[in-house]
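# Breakdown of the fold
Given next are the chains, with one letter for each unit.
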Amino acid sequence: MKCPICNKNLVQIIYGMPTPEVFEKVEKKEIYLGGCEVFVGLEQPIYHCYNCNNNFYKDLVNYEKVNDST
């Protein structure tokens, strides 16, 4: 799936407590960590673009810019 802003590949956002295998995939930029808390009934972004640093919702229209403090 491609980012609607920069046309680079999107990766899935994973929520919950990550396993060692998940950390390995994050290091390879194969997935993105969305946080440890999963909010039932609240729509959360499900895709991330490492190139333009945006998180996208299911419709790929609505998104939020990630505040990168690193």
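Above this text sits the structure in question.
## Topic: the packing of aromatic side chains
On inspection of all chains with the given rule, the structure shows two aromatic pairs. Ring centres of Tyr32 and Tyr50 lie 5.7 Å apart, and the angle between their planes is 75°; this geometry places the pair in the edge-to-face category. Taken as a pair, Tyr32 in strand β2 (residues 31–35) and Tyr50 in the loop between β3 (47–49) and β4 (54–56) lie far apart in primary sequence, 18 residues in all. The exposure class assigned to Tyr32 is buried, which follows from its relative accessible area of 17%. For Tyr50, a relative accessible area of 26% corresponds to the partly exposed category. With centroids separated by 5.4 Å and ring planes inclined at 40°, the aromatic side chains of Phe56 and Tyr63 adopt a geometry described as tilted. With a relative accessible area of 1%, Phe56 lands in the buried category. The partly exposed category is assigned to Tyr63, whose relative accessible area is 44%.

## Description of the sheet that holds β3
Across the sheet, five strands lie side by side as β2-β1-β3-β4-β5; this open sheet has mixed pairing. Every other strand in the sheet has two partners, leaving β2 and β5 (63–65) as the edge strands with one partner each. Direction aside, the axes of adjacent strands within the sheet are offset by 35° on average. The pairing of strand β1 (residues 11–15) with β3 spans two bridges and is classified as antiparallel. Paired with Val11 across the strands is His48, a residue of β3.

## Examining the pairing of β1
Pairing of β1 with β2, which is carried by four bridges, proceeds in the parallel orientation. Looking across to β2, one finds that Gln12 is bridged to Ile31.

## Remarks on the state of the cysteines
Applying the stated criterion across every chain yields a total of zero disulfides. Take Cys49: it sits in no disulfide, and the sulfur closest to it among the cysteines is that of Cys6, at 3.4 Å. Exposure remark for Cys49: the relative accessible area of 0% places this residue in the buried category.

## Description of unusual backbone geometry
Most of the time, phi is negative for any residue but glycine, and the peptide bond is trans. In this model, Asn53 sits at a positive phi of 60°, which is unusual for a non-glycine residue. Examined against the element boundaries, Asn53 turns out to sit in the loop between β3 and β4. The phi dihedral of Leu60 falls on the positive side, at around 60°, and the residue is not glycine. Tracing the backbone through its elements, the reader meets Leu60 in the loop between β4 and β5. Using a relative accessible area of 22% as the deciding quantity, one classes Leu60 as partly exposed.

About the thresholds
Residues numbered from 1 in each chain as written. Predicted model: local features only at pLDDT ≥ 70, side-chain atom pairs only at ≥ 80, totals over all residues. Heavy atoms only, no water. Phe/Tyr/Trp six-rings, centres within 6.5 Å; stacked < 30°, edge-to-face > 60°. Helix = DSSP H or I, 4+ residues; strand = E, 2+ residues; numbered from the N terminus. Buried < 20%, exposed > 50% of the residue type's maximum accessible area, 1.4 Å probe, protein only. Pairing = 2+ DSSP bridges. Axes fitted to C-alpha atoms, helices over the stretch in contact; angles between N-to-C directions. Disulfide = S-S within 2.5 Å.

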